[in-house]
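Chain by chain, the residues run as shown.
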Amino acid sequence: MSISVRVQQEDFDLATEYQRLAQNKQCGAVVTFTGLVRDSVEGGLRGLELEHYQGMTEKALASIVEEAQKRWDLHGVTVIHRVGYLALNEQIVMVAVASGHRQAAFSAASFIMDYLKTQAPFWKKEHTEEGEHWVEAKQSDQQAAEQWSQQQ
């Protein structure tokens, strides 16, 4: 099984990552999710600054992928999360999951993204027209992650 977990400043190429996972002959599905910087402050966002705790963040992401492997029959997983300053519409995160069947790939990708949002140590600072401020965790992200603990 191919597993790749990366935290990086550089952008990533979705097609390249997809092709790497799709080469497995047992693979019947590859599900990808790509998150972008969006203007969540109604026209005032200029960009996001993402920070992480090097080493700890990668370990947390690997642990999330391990848990997904225990829950679903997976053939490959790629998680890439960018850090540094990102402008509007830039790619932030990619989760790609390969499996023999679509449902396992969809479920695992959703699980990984929900847990990434709540369990991985990233900090976001919004740069707006009115200044900068740190973004607090969202209750909706926590609720999305909690649904998976009820499905164990």
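Each value, and the rule that gives it
- Residues numbered from 1 in each chain as written.
- Predicted model: local features only at pLDDT ≥ 70, side-chain atom pairs only at ≥ 80, totals over all residues.
- Heavy atoms only, no water.
- Pairing = 2+ DSSP bridges.
- Helix = DSSP H or I, 4+ residues; strand = E, 2+ residues; numbered from the N terminus.
- Axes fitted to C-alpha atoms, helices over the stretch in contact; angles between N-to-C directions.
- Phe/Tyr/Trp six-rings, centres within 6.5 Å; stacked < 30°, edge-to-face > 60°.
- Core = buried A, V, L, I, M, F, W, Y, C linked by side-chain atoms within 4.5 Å.
- Buried < 20%, exposed > 50% of the residue type's maximum accessible area, 1.4 Å probe, protein only.
- Contact = heavy atoms within 4.5 Å.
- Salt bridge = Lys/Arg side-chain N within 4 Å of Asp/Glu carboxyl O.
- Arc of directions from axis to C-beta.
- pLDDT = per-residue confidence, 0-100.

Caption draft 1: Spatial organisation of the sheet that holds strand β8 (residues 131–134). Spatially, the four strands line up as an open sheet ordered β5-β3-β7-β8, and their pairing is antiparallel. Across the chains shown, the open sheet's two edge strands, defined by having one partner strand only, are β5 (84–87) and β8. Strand-to-strand, the axes of this sheet are offset by a mean angle of 25 degrees, without reference to chain direction. Note that strand β3 (residues 45–52) and strand β7 (residues 122–128) share seven bridges and pair antiparallel. Bridging across to β7, glycine 47 finds its partner in histidine 127.

Caption draft 2: Structural view of the packing of aromatic side chains. Scanning all chains against the criterion turns up four aromatic pairs. What links up through ring pairs into an aromatic cluster is the set Trp72, Phe111, Tyr115 and Trp148.

Caption draft 3: Fine view of the nonpolar core. Residues Trp72, Val79, Val97, Phe111 and Ile112 are the most contacted members of the largest nonpolar core, which totals 34 residues. Elements that contribute at least two residues to this core include exactly β2 (29–36), β3, α2 (56–71), β4 (74–82), β6 (91–99), α3 (102–119) and α4 (139–149). Counting residues per element, this core draws most heavily on α3, at nine residues. Residues within four places of phenylalanine 111 in sequence aside, it is in contact with Ile64, Glu67, Ala68, Arg71, Trp72 and Trp148. Within the second largest apolar cluster, eight residues are counted, among which are Cys27, Ile80, Met94 and Ala96.

Caption draft 4: Spotlight on the pattern of salt bridges. This model, assessed by the stated rule, comprises six salt bridges. Between glutamate 17 and arginine 20 there is a salt bridge whose closest N-O contact spans 3.7 Å. With glutamate 17 and arginine 20 both in helix α1 (residues 14–22), this residue pair falls three residues apart, about one helical turn. For glutamate 17, a relative accessible area of 8% puts it in the buried group.

Caption draft 5: Summary view of the side chain of serine 99. With respect to the secondary-structure elements, serine 99 resides in strand β6. With a relative accessible area of 2%, serine 99 lands in the buried category.

Caption draft 6: Main features of α4. Among all positions of α4, only Asp141, Ala145 and Trp148 are buried. All buried residues of α4 project into a common sector of 40 degrees when viewed along the axis, lining one side.

Caption draft 7: Looking closely at the sheet that holds β4. On the basis of which strands lie adjacent, the open sheet formed by four strands has the order β1-β4-β6-β2 and mixed pairing. In this open sheet, the two strands that pair with only one neighbour each are β1 (2–8) and β2. Strand-to-strand twist of the sheet, defined as the mean angle between neighbouring strand axes without regard to direction, takes the value 5 degrees. Examined bridge by bridge, β1 and β4 share seven bridges and lie parallel to one another. Within the sheet, the bridge partner assigned to valine 5 lies in β4 and is valine 79. With respect to the sheet, α1 is in contact with β1, β2, β4 and β6, its orientation differing from that of β4 by roughly 160 degrees.

Caption draft 8: View of the confidence of the model for the chain. Here the chain averages 92 in pLDDT, while 97% of its residues score no lower than 70. By mean pLDDT, the top-scoring element of the chain is β6 (98), and the lowest-scoring one is α4 (82).

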